[in-house]
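Coordinate analysis (summary)
One-letter residues, chain by chain:
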Amino acid sequence: MNKAKKFVISQIKVREAFYRVKASRGFAGIDRQSVEEFEQDLEGNLYKLWNRMSSGTYFPPAIKCVEIPKASGGIRKLGVPTVADRVAQTVVKLYLEPEVEPKFHKDSYGYESGNPSALDALATAKRRCFERDWVIVLDLRAFFDELDHKLVMEKLKEHTDCQWILLYVQRWLLAPMQQEDGQLVGRDRGSPKASVISPLLSNIVLHHVFDSWMATTFPSVPFTRYADDALVYCETKKQAEYVKDAIQRRLSAHMLRVTETKTKIVYCKDTKRAGSSEHEQFDFLGYTFRPRLVKTADDRFMVGFTPAMSAEAGKKIREEMRSWRLNMRSDKSLDELAREVNPKVQGWINYYGRFHKSAMRPSLEKLNDHLVKWAMRKYKRFHRSPRRAEEWLAEMAKTKPELFAHWRFGVK
C-alpha cells in the first residue's frame, strides 16, 4: 500500500503518535473535537490522516487562539491545533527528533524527551554560579511569536532533506489562526507555542543561532539554555558586557530580540565575593538565585549564591490552591481530598523542593489553612472554632502522617 503513495509514512508511527497525543491531553482545537471523541472512530480517523499525509494532500486546519493571562500582566496568546493536527505533527516529530537530538548542544535543556530536565539545568546553573562571578541573564522577547519562517526552513533543511517533512512544516508555519470571534488571521512569522512541533523547530533555530555560535565564538564561556531562557557565565563584568553586546548583535541579525527589562548582568555575591552591583539576583525556571544563608557540610553557616523557589512561583501555587475551593468540598472525606490534591502537591514538592526546600514551607502551610476551613464547614462541632479544627487536623497528621504529600514533606 505504501508503494502507491507519494510519501512513505508508517501507519505504526501514526498510531504511536495518537497515543502520545492522548497521554499529553490538551485543549480541543477549532473543531471542538476532544481526544475521546477522536478515539471513538480511531481506525477511521487514523487511516484518513495517514492516507492524506502519505499522498501529500494533508492541509492543516486553522489554529485556535486561546488567550491566557500572564502573571506579570497582559495576555499570552496560544495557538491550539486540532487533535488530528496534533497527531500529524507528532508523526513528523517522531521521524525528525532522532535525527536532530544527538546534534544539540549538551547545555541545551528542556525541549525534547531525550534532553535533561529543568532540574538538571538548575543544578548546572547553581554549580556555574559558584564557579563564575558574573551571569548574563537572557530572555528572548516574544520568541515563538517572532520566529522568522525563512530562518526556520533554512535551518531545518540543514538537518533533513525529507520532502514530506519540509512540506508539512511549511504548511504548519503558514496555517492561519482563528480568533475568539471566529475571524481568521494569516501568519507570516512565528510558530504557535502550544503546537507539538514548535518546540523542536525552535530548538533547531536556537541550536544554530545561539548554541553553536557560542561554542565557536566564545568557547571558554559556558552557558545554560532552557527553551528561550539562557544564562551565560563570565569571569569579569567587563567580559560579561562584551559578551552580552555580541549576543544581542547576533540575535538581531536573525530578527530575534531580547526583553530589555529581563536581560541583565548579575553579580553572584556570596561570602567570598563581597563586592556589589546593581543586580544581585535573578529568576530562572521558577527559582530565584540570590545571596542567602546556607549551611555547609561541616555545620558552619555562610552566604552562598543559591536557588530557592521564587516568590512568583509561590504566588502561583497559592492561587491554584485557592481555585480548588476546598472549603466548599464538604461532601468529600479527608482521604478523598488527599487523593485529589496529592498528585499536584507532590509534583510541586518534587520540583521546588530540590533546592532550599524550606522556601516552599509558607506556600504549603496555606494548604493546611484551607483544610482547617474545610473541617469547619464539614463538622458542626468546628463551625465556630478554628482552633479546635486545627487541633483535630494536627491529631490526624500524627495518626496518618502519610495521608497528604505536604504532611510527608514535614508541613503539618
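Residues numbered from 1 in each chain as written. Predicted model: local features only at pLDDT ≥ 70, side-chain atom pairs only at ≥ 80, totals over all residues. Heavy atoms only, no water.

1. Concerning a positive patch on the surface
Taken together, the side chains of R76, K193, K262 and K316 define a basic patch exposed on the protein surface. Here K262 is to be found in the loop between α10 (237-253) and β9 (264-267). Owing to a relative accessible area of 47%, K262 belongs among the partly exposed residues under this scheme. (Patch = residues over 30% accessible without salt bridge, like charges linked within 9 Å, V, L, I, M, F, W, Y side chains within 5 Å. Areas by Shrake-Rupley, 256 points an atom, 1.4 Å probe, with all protein chains shown as cover. Salt bridge = Lys/Arg side-chain N within 4 Å of Asp/Glu carboxyl O. Lys, Arg positive; Asp, Glu negative; His and termini not counted. Charge placed at Lys NZ, Arg CZ, Asp CG, Glu CD. Helix = DSSP H or I, 4+ residues; strand = E, 2+ residues; numbered from the N terminus. Buried < 20%, exposed > 50% of the residue type's maximum accessible area, 1.4 Å probe, protein only.)

2. Thoughts on the packing of helix α11 (residues 311-324) against helix α13 (residues 361-378)
For the pair α11 and α13, the least separation of the axes is 9 Å and the interaxial angle reads 15°. By the criterion of interaxial angle, the relationship of α11 to α13 is roughly parallel. Taken as a pair, α11 and α13 cross one another with a handedness that is right-handed. Seen from α11, the contacting residues are G314, I317, R318, M321, R322 and W324; seen from α13, they are S363, L364, K366, L367 and H370. Residues of the contact of α11 with α13, tallied by class, amount to 5 nonpolar, 3 polar and 3 charged. (Axes fitted to C-alpha atoms, helices over the stretch in contact; angles between N-to-C directions. Parallel < 35°, antiparallel > 145°, perpendicular 65-115°, else oblique. Left-handed = near helix turned anticlockwise from the far one by under 90°. Contact = heavy atoms within 4.5 Å. Nonpolar A, V, L, I, M, F, W, Y, C, P; charged D, E, K, R; others polar.)

3. A word on the packing of aromatic side chains
For the structure shown, the criterion picks out 24 aromatic pairs. Where F18 meets Y19, the ring centres are 5.1 Å apart and the plane angle is 70°; that geometry is what we call edge-to-face. Overall, the relative accessible area of 40% leaves Y19 in the partly exposed class. Grouped by ring-pair contacts, the aromatic residues Y287, Y351, Y352 and F355 constitute a single cluster. Against the face of Y95 rests K13, its NZ or CZ located 5.7 Å from the ring centre. (Phe/Tyr/Trp six-rings, centres within 6.5 Å; stacked < 30°, edge-to-face > 60°. Lys NZ or Arg CZ within 6 Å of the ring centre and 35° of its normal.)

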